Amino acid sequence: MKALALYSGGLDSLLAIQLIRNQGVDVTALFIDIGFNGLGVREEKLRAALAPTGADFQIVDTREQFIKDILFSPRYGYGSAMNPCIDCHGNMFRVAAELMQPLGASFLISGEVMAQRPMSQKKAALQSVLKLSGHADLIVRPLSARILPPSLPEREGWINRDLLEGISGRSRSRQMQLAEQFGLTGYDTPAGGCLLTNQTYAVKLKETVEHGETEVEDFGALILGRHFRLPGGSRLVVSRDEQESKEILSRKFSRYTVLHPVGFPGPSALISANASDGDLRLSVSILLSYARQAPREGGIVSVGGLEQMAKPDITKADASMYLVNKD
Ligand code: SF4
């Protein structure tokens, strides 16, 4: 017997996996990548946290499908920011269900806990997720199973319902107890930093959509830096620290041109690849205004690999009029 698990890297999904593994069932843990995971999927950390359970691990890239089908038209609306959690969970189950046959699995599990989260884990919401999944009877929530109607795997005796949990509510005490009992460490914080739950990110996300930037790469760029909307309509992203500079310089972008100072320290930046000449000139000036040690007489800036001399002819204060938000 084999199950596929929705695995976020958080404690609840780990416990759900362990409870099923304890019954001698093989589990493949699926990290469903919707593309809003901060600075990317931390694969090593996910694998390390999962290791004690003995489950297999797989990342499933659903970024384009999630953006196209779910993000802008959730049937059950958004949570406190732009997080369509009910539709997102339902979609994750749908995606996992499609993998059941190829991976030889018979049912699905997740770490959802009844009434733990305001939006996605109320009783009605758990029901809605089942409906959206298209495979309601094959879904087991091992942490709350004993207070939910028995699913097919429980009714058929593929797993023993009595050995599952009946957790409800926001207290984490039973989960902490089980984590200790099972020796599970290295897990992520609850909700694992999904950017869609972040209000500041939501402001940038809405703004970028209003400007027709709706590709996976556009949303990935939102994670980085200060964002400016320039008069010609292009977007400029200026790194805020060394780590963001490294991210900008190490990633591959097809919809953005990379700017960085040459021969003096300062931030790196991204400008829309189709920026007008005016926006390009302004973006170089803004970048220089953020480089504290830029030479007064101007400095060399690489624009998509071509070096050019530029002067800081705008101040940071003046540049702020183009900021999308002031985070
Ligand atoms: S927090 Fe993010 S990843 Fe998790 S269900 Fe909500 S939208 Fe999906």
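Just so it is clear, the structure is predicted and the values come from calculations on it, not from any experiment. Residue indices follow the written sequence of each chain, beginning from 1 at its first position. Whole-chain, interface and lining totals are the exception, using all residues; otherwise, since this is a predicted model, local features are given only for residues with pLDDT of at least 70 and side-chain atom pairs are given and counted only at 80 or more.

1. Looking at the site of the ligand
Nearness here is judged by the C-beta atom: place it from the backbone, and if it falls within 6 Å of a molecule or strand, the residue counts as near that partner. What surrounds the ligand is a group of 11 residues, the closest being Asn 83, Cys 85, Cys 88, Cys 194 and Leu 196. A per-class count over the shell around the ligand returns seven nonpolar, four polar and no charged. For this classification, the nonpolar set comprises Ala, Val, Leu, Ile, Met, Phe, Trp, Tyr, Cys and Pro, the charged set comprises Asp, Glu, Lys and Arg, and every other residue, Gly included, is treated as polar.

2. Concerning the domain arrangement of the protein chain
The extent of an interface is frequently quoted as the accessible surface area lost upon association of the parts. You can read the domains of the protein chain as domain 1 (2-194) and domain 2 (198-322). Each of domain 1 and domain 2 has a C-alpha centre, and these two points are 38 Å apart. For the purpose of contact definition, each residue receives a C-beta atom placed from its backbone, and two residues are in contact when these atoms lie within 7 Å. Taken together, the nine residues of domain 1 in the interface contact 10 residues of domain 2. Boundary definitions for the domains trace back to an automatic or database domain assignment.

3. Some points on unusual backbone geometry
A positive phi angle, close to 65°, is found at Ala 115, a residue other than glycine. You can see Ala 115 is positioned in the loop between β4 (107-109) and α5 (123-133). Ala 115 gets classed as partly exposed once you count the C-beta atoms within 10 Å, which come to 16. Numbering of helices and strands runs from the N terminus; a helix is a DSSP stretch of H or I covering at least four residues, while a strand is a stretch of E covering at least two. Our exposure labels follow a C-beta count within 10 Å of each residue's own C-beta, placed from the backbone: buried means 20 or more other C-beta atoms, exposed means 12 or fewer, and partly exposed covers the counts in between.

4. Quick look at helix α10 (residues 242-250)
Every buried residue belonging to α10 is among Glu 244, Ser 245 and Ile 248, and all of these are buried. Buried residues of α10, viewed axially, fall in a sector of 105°; they line one side. When the buried face of α10 is taken as reference, the exposed residues oriented beyond 90 degrees from it are Glu 242, Gln 243, Lys 246 and Ser 250. On its buried side, α10 packs onto β8 (256-262) and β9 (269-272). Arc, as used here, means the arc of the directions from the helix axis to the C-beta atoms.

5. Some remarks on the packing of helix α4 (residues 85-103) against α5
Here an angle of 0 to 180 degrees is reported between the N-to-C directions of two axes, which are lines fitted to C-alpha atoms, with helices fitted over the stretch in contact. At a minimum axis distance of 8 Å, the contact between α4 and α5 shows a crossing angle of 40°. With respect to α5, the axis of α4 lies oblique. Remark: the crossing between α4 and α5 carries right-handed chirality. Of the residues in α5, those touching α4 at Ile 86, Asp 87, His 89, Gly 90, Asn 91, Phe 93, Arg 94 and Ala 97 are Ala 125, Ser 128, Val 129, Leu 132 and Ser 133. When its residues are assigned to classes, the contact of α4 with α5 shows six nonpolar, five polar and two charged. Between 65 and 115 degrees an angle is taken as roughly perpendicular, under 35 as roughly parallel, over 145 as roughly antiparallel, and anywhere else as oblique. By definition, turning the near helix anticlockwise from the far helix through less than a right angle yields a left-handed crossing, and turning it clockwise yields a right-handed one.

6. Quick notes on the nonpolar core
With 87 residues, the main nonpolar core has Ala 3, Ala 5, Ile 17, Ile 20, Leu 30 and Leu 108 as its most contacted residues. When residues are assigned to domains, this core turns out to be shared by domain 1 (2-194) and domain 2 (198-322), each giving three or more. Apart from residues lying up to four places away in sequence, Ala 5 is in contact with Ser 13, Ala 16, Ile 17, Val 27, Ala 29, Leu 30, Ala 55, Ile 109 and Ser 110. By our criterion, buried Ala, Val, Leu, Ile, Met, Phe, Trp, Tyr and Cys residues that link up through C-beta atoms within 7 Å make up a nonpolar core.

7. Notes on the sheet that holds strand β3 (residues 56-61)
Note: two strands are recorded as paired if DSSP finds a minimum of 2 bridges between them. Taken in spatial order, the five strands line up as β3-β2-β1-β4-β5 in an open sheet, and their pairing is parallel. On the outer flanks of this sheet lie β3 and β5 (139-140), each paired with one strand and no other. In this structure, strand β1 (residues 2-6) lies alongside β4, joined through three bridges in parallel fashion. Each residue of the ladder has a partner; that of Ala 5, found in β4, is Ile 109. Helix α1 (residues 11-21) contacts β1, β2 (26-33) and β4 of the sheet and is inclined by roughly 170° relative to β1.

8. Comments concerning the environment of Ala 51
Here Ala 51 shows up in the loop between α2 (43-50) and β3. Along the chain, Ala 51 and Leu 14 lie 37 residues apart, while their C-alpha atoms are 9.9 Å from each other.

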